[in-house]
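The residues making up each chain are set out below.
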Amino acid sequence: MFSNLENALISGGTFIQNTNGGGTGKGFDVLIRNVASNAFHNSRDVYDTPKCHPNTRVAALATIMKWIQDPSTRRFLVMWLNGAAGAGKSAIARTIAEQCAELGLLLAGFFFSRTAGGRNTDQRLIANIAYQIHLNIPETRPHIELAIERDPFIFDRKLEAQILSLVIQPLRYATDAAPHETRSAWPKFIAIDGLDECSDAPAQLHILHVFCDLVRHHKLGIIILIASRAEAHLRAAFDIGHLSHNSARITLDNSLHPDADIEFFLRSKFTEIKNTHQFRSSIPESWPSSDTISMLVAKSSGQFIFASTVVRYIGVNHHRPVERLNIVCGLSPRDNDNPYGEIDALFTHIFASMKNVKTALRILRFHLFIQPFRLQDVLNTTFIKSDMNFYLAELQSVLIEPNEYDGGINFLHASLGDFLLDYWRSGEFWIRAAEGNDDAAVSILKLYRLKRLEGKSFLPIKHSQLLLKETSNISPLTVQVPYMFSVLKLQINNSTLSDALHEEILHPEFISAAFIRVHGCFLMHEFLEECIYLKYIWSVYPSSIP
């Protein structure tokens, strides 16, 4: 009766015979119907799969591979690979998954994508992991299939129930039954990429919690790499609680010297274009210049997405590469062709996902137009005041958060400012220069009056010192007065004034200061800004002049 039962399983009083071990029963059929095949690291459905260019990201790749391959030096079972949008996280994660698959180390992986069906929610996550465990550890197959046959609706259960029935218990049963030499050869590495691209923040945190519990409470030898942007909620999860002292981290920032990798990548790709493009005969030998390469590296801001987007744009086969590079450099009109399509799509998605996008854009507008003033000082004249961190929290993947010293922010992508100021690129998120100047002028004038009442410096210290070098025996407060009238003249000459700016311009303090400065002075050219200001006031509101 029990002869030739090579793949038999007796579990909980139920007897199963699997004659080939490959998965042909009802449980397996249900499993594959719930798998997102485009979420595999080597899926052919993913066009132009991002992977690290040879000889780039060497330090990050070596660190991760050592963590995977050397248990003797591994302190943590979870590693978080994080960085700004476009920093190259997915390229690194896919390269690692590919190398581990070749070495027999990859147990499973899931690569999220916000724009791909099946890959932008957690609905198929556990099915994918279970399928790959079923594939890579044959001893788990009957246990996984039995679990699904017992509960055909398992994929409608909570993630905790799914991972217990389809991952934890099958691995535990297989481990208990297999000899040591067999189970020691099993792959144990799981890669989860693009966690921030899963549907929403609560789902992302739930996934993080479920998989961290997998390695924390179940001694199965599994290690997990999680790659994502350093969004506020994910960063908090890794900074607070269990993960704060039980996870390794790699942050793709300037400490890993990305500029050298980006320059190497650009030079390699330009060489490839010169050697293989159908219009290669028209490309000069010296193309592109070192200055152009340096400009592109600077524009990349340490993020590979800009460099890869530019190279892809330039290398399109039915266009001339020299002309396309000139468009990128701004030397030629681009017509309706956008050389920054991919990175613009990324920026657009980030802003479209924000709850407080209007206020965030106003803060960014101040940032772009109030130089050299401290951003926080200017915001203190508005309703935003101390809430800047709150409004910018959802932009942490593209900018450095405000610092305590000067309250300023910095863009992680140098091209973000270009994007916001170009209507054809940013669309509904466009920041109009006229509005920016107007808004900034209103706040600067309010700041001037506020600081003057407090008897404090209105300009940043460095700027005040620069102005004072050109004068003698003049106090910092006095030297700020002509600066104020320069601001007023600029706005009067260059824009249609808003009601808010009209209100500030008509403030008695400015009118009085201008009148005092020009009254009785015969060298009117020395007070040109004040004269333009008073002429405007006289023409529009003659009753305002004493």
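Just above, that's the structure.
Below is a short write-up of the structure. Given the structure is predicted, the values throughout are model-derived calculations rather than measurements. By convention here, each chain's residues receive numbers from 1 onward along its written sequence. Reporting of local features is limited, given that this is a predicted model, to residues whose pLDDT is at least 70; pairs of side-chain atoms are given and counted only at 80 or more, and all residues count toward the totals for whole chains, interfaces and linings. As a rule here, side-chain values cover all heavy atoms of the structure and leave hydrogens and water aside.

Once that is clear, we can look at the packing of aromatic side chains. Aromatic ring pairs: the centre-centre distance and the angle between the two ring planes describe each pair. Aromatic rings from Phe, Tyr and Trp, with only the six-membered ring used for Trp, were paired whenever their centres fell within 6.5 Å, and each pair was classed as stacked if the ring planes differed by under 30 degrees, edge-to-face if by over 60, and tilted otherwise. Enumeration according to the criterion identifies 13 aromatic pairs in this entry. Considering the side-chain rings of Y423 and W430, the 5.2 Å spacing of their centres and the 70° angle between planes classify their relative orientation as edge-to-face. Burial classification: accessible surface area is computed with a 1.4 Å probe over protein chains only, and a residue below 20% of its type maximum counts as buried, one above 50% as exposed, and the rest as partly exposed. In this structure Y423 comes out as partly exposed when scored by relative accessible area, which is 42%. Taking the relative accessible area as the measure of exposure, W430 reaches 35% and is therefore partly exposed. Three or more aromatic residues link up through ring pairs in this structure, and these residues are F347, F351, F419 and F429. It is R320 that lies over the ring of F279; its NZ or CZ is 4.4 Å from the centre. For a Lys NZ or an Arg CZ to count as sitting over a ring, it must be within 6 Å of the ring centre and within 35 degrees of the ring normal. For the cation-ring pair, R324 lies above Y313, with the distance from its terminal atom to the ring centre recorded as 3.7 Å.

The numbering of helices and of strands both runs from the N terminus, where a helix is a DSSP run of H or I of at least 4 residues and a strand a run of E of at least 2. When you line up the elements, S282 lands in the loop between α10 (258-276) and α11 (290-300). Look at S282 and you get partly exposed, because its relative accessible area is 36%. Sequence separation of S282 and P321 is 39 residues, and the distance between their C-alpha atoms is 9.0 Å. In this structure, S282 is in contact with R320 and V322, ignoring residues within four places of it in sequence. Whenever two N or O atoms come within 3.5 Å, that pair is a polar contact, provided that in protein one can donate a hydrogen and the other can accept it, and provided that, for residues adjacent in sequence, both atoms are side-chain atoms. Here the side chain of S282 touches F279 through a polar contact of 2.7 Å, landing on its backbone oxygen. Contact between two residues is taken to exist if any of their heavy atoms lie within 4.5 Å; hydrogens are not considered.

Each patch is built from residues that are more than 30% exposed by relative accessible area and take part in no salt bridge. Like charges join if they lie within 9 Å; nonpolar side chains (Val, Leu, Ile, Met, Phe, Trp, Tyr) join within 5 Å. Values of accessible area rely on a 1.4 Å probe in the Shrake-Rupley scheme; residue burial ignores everything except the protein chains shown. Definition used for salt bridges: Asp or Glu carboxyl oxygen within 4 Å of a side-chain nitrogen of Lys or Arg. On the surface, a nonpolar cluster with roughly 420 Å² of combined accessible area is contributed by Y423, W424 and W430. Within the fold, W430 resides in the loop between α19 (423-426) and α20 (433-454).

At the junction of W287 and P288, the peptide bond is cis and its omega measures out at -10° in the coordinates. Topologically, P288 is positioned in the loop between α10 and α11.

On to the pattern of salt bridges. In this structure the tally under the stated criterion is nine salt bridges. Note that R157 is salt-bridged to D151, the shortest N-O span being 3.0 Å. The network of salt bridges with common partners includes D196, R229 and E231.

Orientation is described by axes fitted as lines to C-alpha atoms, over the contacting stretch for helices, and by angles from 0 to 180 degrees between their N-to-C directions. At a minimum axis distance of 8 Å, the contact between helix α12 (residues 304-314) and helix α14 (residues 341-352) shows a crossing angle of 140°. Judged by the inter-axis angle, α12 sits oblique to α14. Residue-level contacts link I305, F306, T309 and R312 of α12 to G341, E342, I343 and L346 of α14. Under the scheme applied here, ten amino acids are nonpolar (Ala, Val, Leu, Ile, Met, Phe, Trp, Tyr, Cys and Pro), four are charged (Asp, Glu, Lys and Arg), and all others, including Gly, are polar. Here the contact of α12 with α14 is composed, by residue class, of four nonpolar, two polar and two charged. In what follows, roughly perpendicular refers to angles from 65 to 115 degrees, roughly parallel to angles under 35, roughly antiparallel to angles over 145, and oblique to any angle outside these ranges.

Attention shifts here to the environment of R324. Mapped onto the fold, R324 is located in helix α13 (residues 321-328). Residue R324 is classed as buried on the basis of its relative accessible area, which comes to 6%. Taking the C-alpha atoms as reference, R324 lies 7.3 Å from Y313; in sequence the two are 11 residues apart.

Further remarks concern the side chain of E197. Tracing the backbone through its elements, the reader meets E197 in the loop between β5 (189-193) and α8 (201-217). Accessibility expressed as a relative area gives 19% for E197, which makes it buried.

Strand β4 (residues 106-111) sits mainly inside the fold: six of its six residues count as buried. Any two strands with at least two DSSP bridges between them are considered paired. Sheet topology places β4 next to β5; five bridges connect them, and they run parallel. By the bridge assignment for β5, F110 is matched with I192.

This next bit is on the sheet that holds β5. Reading across the sheet, the five strands line up as β4-β5-β6-β3-β7 and stay open at both edges, with parallel pairing between neighbours. The open sheet has two edge strands, β4 and β7 (248-252), and neither has a second partner. When the angles between neighbouring strand axes are averaged without regard to direction, this sheet yields 15°. On top of the sheet, helix α2 (residues 58-69) reaches β3 (78-83), β5, β6 (223-229) and β7; it is set at about 150° to β6, its chief contact. Across the sheet, helix α3 (residues 89-103) touches β3, β4, β5, β6 and β7, and the angle it forms with β4 is around 155°.

Glancing now at the nonpolar core. In this description, a nonpolar core means a group of buried Ala, Val, Leu, Ile, Met, Phe, Trp, Tyr and Cys residues linked to one another through side-chain atoms lying within 4.5 Å. Ranked by size, the top nonpolar core spans 54 residues in total, and within it L166, F211, L214, I222 and I224 carry the most contacts. With eight residues, α8 is the single largest residue contributor to this core. Once you skip the residues sitting within four places of it in the chain, I222 turns out to touch L77, L107, L171, K188, I190, L214 and V215. Listed in part, the 51 residues of the second largest apolar core include V328, M354, F369 and L416.

This part takes up α12. Along α12, 10 of the 11 residues are buried, which leaves the element largely enclosed by surrounding structure. Here α12 has its buried residues at F304, I305, F306, A307, S308, T309, V310, V311, Y313 and I314. Contact partners of the buried residues in α12: α10, α11, α13, α14 and α18 (415-421).

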